[in-house]
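Topology and contacts: notes
The residues making up each chain are set out below.
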Amino acid sequence: ALTAGIVGLPNVGKSTLFNAITQAGAEAANYPFATIDPNVGIVEVPDERLNKLTELVKPKKTIPTAFEFTDIAGIVKGASKGEGLGNQFLSHIRQVDAICQVVRCFEDGNITHVSGKVNPIDDIEIINLELILADLETVNKRLQRVEKMARQKDKEALAEQEILNKLKEGLENDEPVRAMEFSEEQEKIVKGLHLLTSKPTLYVANVSEDDVADPSSNAYVQKVKEHAANENAEVIVVCARIEEEIAELETEEKEAFLEDLGISESGLDQLIKASYNLLGLATYFTAGEQEVRAWTFRQGIKAPQAAGIIHTDFERGFIRAETVSYDNLVDAGNMVTAKERGKVRLEGKDYIVQDGDVIHFRFNV
Ligand code: GDP
C-alpha cells in the first residue's frame, strides 16, 4: 500500500500530530491487511460522498477506505553525512511514496527550537538540503558508472548521462528533482533512480491554538505558503495539539468542537485528503443493501484491476463493471431511476475507473 511519511525537525510537533493520527485511527477490523508497525498510523479517509450514499441506500454497514501515514524519526542537520540517525532517516524516507513535511509556525518560549528561533523557511531548507545532498550522492555514483559506458558510445548510456548531468546541475543549485522538468522518456529513467527529492511533497504548518481560526494572520504561515507556491506544493494548516484533542471525540462532539473553533473541517481531515491526492489515489464505491463501501485505487487503472482490489477472484473472473457516476446516482436518487435514465453503463475490461464511480462488478467464479 502507498504511504505518506511525516517528516520534520525535532520539536516541530511531529509526534503530537502522529498521536492525533493514531488516536483518530481506523477501526482495524475493517482493514485486516493493514501494516502492524508502531510507526504506521492507519486513518480513514473522510468522504462526504460516502455519507450521502449511506443516506440513499440505507445499508447495514458503511465502511470508509483507509490509508497509512508513516512516522519518520527525527532528521538533523548533517543527516546526509550520516549524523544522528541520518542514514536510517534517509532509508526510511526512501520507502515512503510521498512526504508531509511538518514545520513549526507556533511560538512557545518553553519549547526549544533546534536552531534557536522559529523560522519555518530555514527549517524547510535544512531538510530539503539534506535530501538534496543525499540525491546528489546517488546521482554522482551513478554518473561514474554511466560515464564509462558512455565513452564506448553506448546509446542508452549517453542518454542517461545527459539526464544525470541535468539532475546534478539542478541539485547543485538547490533545486529538488520534483521541481525539474523532463520529457516523458526521461521521466522513466529519473523514476528508476528513486531520488528522495522526486517524491511528491506537501507542507504541514503547525500553528498555535490561537491561530487555528484565522491562520492567515500568522506571518510564518504566509512565508511557508510563498515558499510552497514556488514548487507548486500544497500547505495544510493544523494545530497539532488541538488535533490530538479532536481525535478523541465522537463524530457529533467533534462537529460541535470544530464549530466552536470556527473551522469547518479539522486540520487532520484536510491533511488526510491532501495526502491521498498527493499519492495519486482516488476512490470508487460499492453500494449494496448489506454494505456501502469506499475503495482506494491508483488513478489510471482499468476495471478488472479495480475489481481485484476487492478480491482476486473478481479480477480473474471479470466480466463487466456496471457503473454509474456518483453525481448521476445522487441526481437520480436511486439505482432504478439512474438505470431508467440510461446513466448506468456496462463497462468492459478496458474501462479506466474514475474517481466517484459507483460500481457493481459482474464476474465468473
Ligand atoms: P517532535 O519532536 O517534532 O515530534 O515534536 P513534539 O510533537 O514532541 O512537540 C514538541 C513540543 O511542542 C511538545 O511539548 C508539544 O506539546 C509542543 N507542541 C506541538 N504542537 C503544538 C501546537 O500546535 N501548539 C503548541 N503550543 N505546542 C505544540
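Residues numbered from 1 in each chain as written. Predicted model: local features only at pLDDT ≥ 70, side-chain atom pairs only at ≥ 80, totals over all residues.

What about the overall build of the protein?
- Helices and strands together make up the secondary structure of the protein, namely 14 helices and 12 strands.
- Radius of gyration (C-alpha) of the protein: 23 Å, near the 21 Å computed for a compact globule of 365 residues.
- Taken over the C-alpha atoms alone, the protein extends approximately 60 × 60 × 35 Å along its principal axes.
- Burial statistics for the protein: of 365 residues in total, 36% are counted as buried.
- Here the analysis covers contacts within the protein between residues at least 6 apart in sequence; of these, 69% occur between residues at least 24 apart. (Helix = DSSP H or I, 4+ residues; strand = E, 2+ residues; numbered from the N terminus. Rg over C-alpha atoms; globule rule 2.2 N^0.38 Å. Buried ≥ 20, exposed ≤ 12 C-beta atoms within 10 Å, placed from the backbone. Contact = placed C-beta atoms within 7 Å.)

So, the sheet that holds strand β7 (residues 235–238)
- Within the open sheet, the six strands sit side by side as β2-β4-β1-β5-β6-β7. Their pairing is mixed. Edge strands, defined here as strands with exactly one partner in the open sheet, are β2 (40–44) and β7. In this sheet, neighbouring strand axes are inclined to one another by 25° on average, regardless of whether the strands run parallel or antiparallel.
- In the packing of helix α10 (residues 267–278) onto the sheet, contacts are made with β1 (3–7), β2, β4 (66–71), β5 (98–104), β6 (201–206) and β7, and the angle to β7 comes to roughly 160°. (Pairing = 2+ DSSP bridges. Axes fitted to C-alpha atoms, helices over the stretch in contact; angles between N-to-C directions.)

Describing the site of the ligand
- For the ligand, the set of nearby residues contains 16 residues, the closest of which are Gly13, Lys14, Ser15, Thr16 and Ala240.
- Listing elements by their share of the shell around the ligand, those giving two or more residues are α1 (14–24) and α8 (240–246).
- Per element, the largest residue contribution to the shell around the ligand is three residues, and it comes from α1.
- Split by residue class, the shell around the ligand holds six nonpolar, seven polar and three charged. (Near = placed C-beta within 6 Å. Nonpolar A, V, L, I, M, F, W, Y, C, P; charged D, E, K, R; others polar.)

Re the domain arrangement of the protein
- Domain boundaries assigned for the protein yield domain 1 (3–47 + 63–118 + 199–278), domain 2 (127–197) and domain 3 (300–363).
- Distance from the C-alpha centre of domain 1 to the C-alpha centre of domain 2: 30 Å.
- Taken residue by residue, the interface counts 13 residues in domain 1 and nine residues in domain 2.
- By residue number, the principal contributor to the side of domain 1 that touches domain 2 is helix α3 (residues 86–95), which donates three residues.
- Counted by class, the side of domain 1 that touches domain 2 contains seven nonpolar, three polar and three charged residues. (Domains from an automatic or database assignment.)

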